[in-house]
Amino acid sequence: MQTLVIFVDTENSTNRHMPEIQSTYYHSPVGPLKISGTDDYITEIVFNDKVQKIDGRKKNLSPMLIQCVEQLIQYFNGQRRQFELPIHQEGSSFQQSVWNELMSIPFGKTISYIELARRTGDTKATRAVAAANGKNNVCIIVPCHRVIGANKELVGYSGGLWRKKWLLEHEMKVAYGVQTLF
């Protein structure tokens, strides 16, 4: 099963009522992740370096959040290459098209921002594509870390370039046995 992506165009959305959003934290190998969602979908996975201590006590988390944490653990353990979670992320039509293209980049592969712009229909929109990529609030599952510079250099990652490097090297190691990429 492939990740189901639900994007809401905030420019045209008429129904602003959303179900209650719940959050939890997962201490991943690349630092604390804040994971938010409802009973039906994930709305956010972001790096949160401000968390000093993660409460290890079990809360009444929705099955969706529990499933998300479990799948992230599998990803970091090298046991998962594809996520099977519904995602809801608000954004413009253009942002949605960029995020959909991100979802098509295979595990362990990278593309350039120019290539991402080409895939969305306008090679001159590289900066706009990069900006939309940076607005992605569901890191790892919507794999914005798989986009690199045209010169094959690591550029632009809201979680920090060291995390982008770690994620790419992790995927290369799992997919191809490659120890270092950059």
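Residues numbered from 1 in each chain as written. Predicted model: local features only at pLDDT ≥ 70, side-chain atom pairs only at ≥ 80, totals over all residues. Heavy atoms only, no water.

Novice: When you look at the overall build of the protein in this model, what are you seeing that I'm missing?
Specialist: Within the protein, the secondary structure is distributed over 5 helices and 7 strands. Along the protein, helices (α) and strands (β) appear in the sequence β-β-β-β-α-β-α-β-α-α-β-α when read from the amino end. By the burial criterion, 46% of the 182 residues in the protein qualify as buried. Across the protein, contacts joining residues at least 24 apart in sequence account for 61% of those joining residues at least 6 apart. (Helix = DSSP H or I, 4+ residues; strand = E, 2+ residues; numbered from the N terminus. Buried < 20%, exposed > 50% of the residue type's maximum accessible area, 1.4 Å probe, protein only. Contact = heavy atoms within 4.5 Å.)

Novice: Honestly, the nonpolar core in this entry has me stumped. Any pointers?
Specialist: A general feature of soluble globular proteins is that nonpolar side chains tend to end up buried together. Counting 38 residues, the largest nonpolar core has Leu33, Ile35, Ile45, Leu72 and Ile140 as its most contacted members. Of all the elements in the fold, those that place two or more residues in this core are β3 (31–37), β4 (42–47), α1 (63–76), α2 (93–103), α3 (113–119) and α4 (126–134). Here the element with the most residues in this core is α1; it accounts for 7 residues. The residues touching leucine 72, leaving out its near neighbours within four places in the chain, are Tyr26, Leu33, Ile35, Ile45, Phe83 and Ile140. (Core = buried A, V, L, I, M, F, W, Y, C linked by side-chain atoms within 4.5 Å.)

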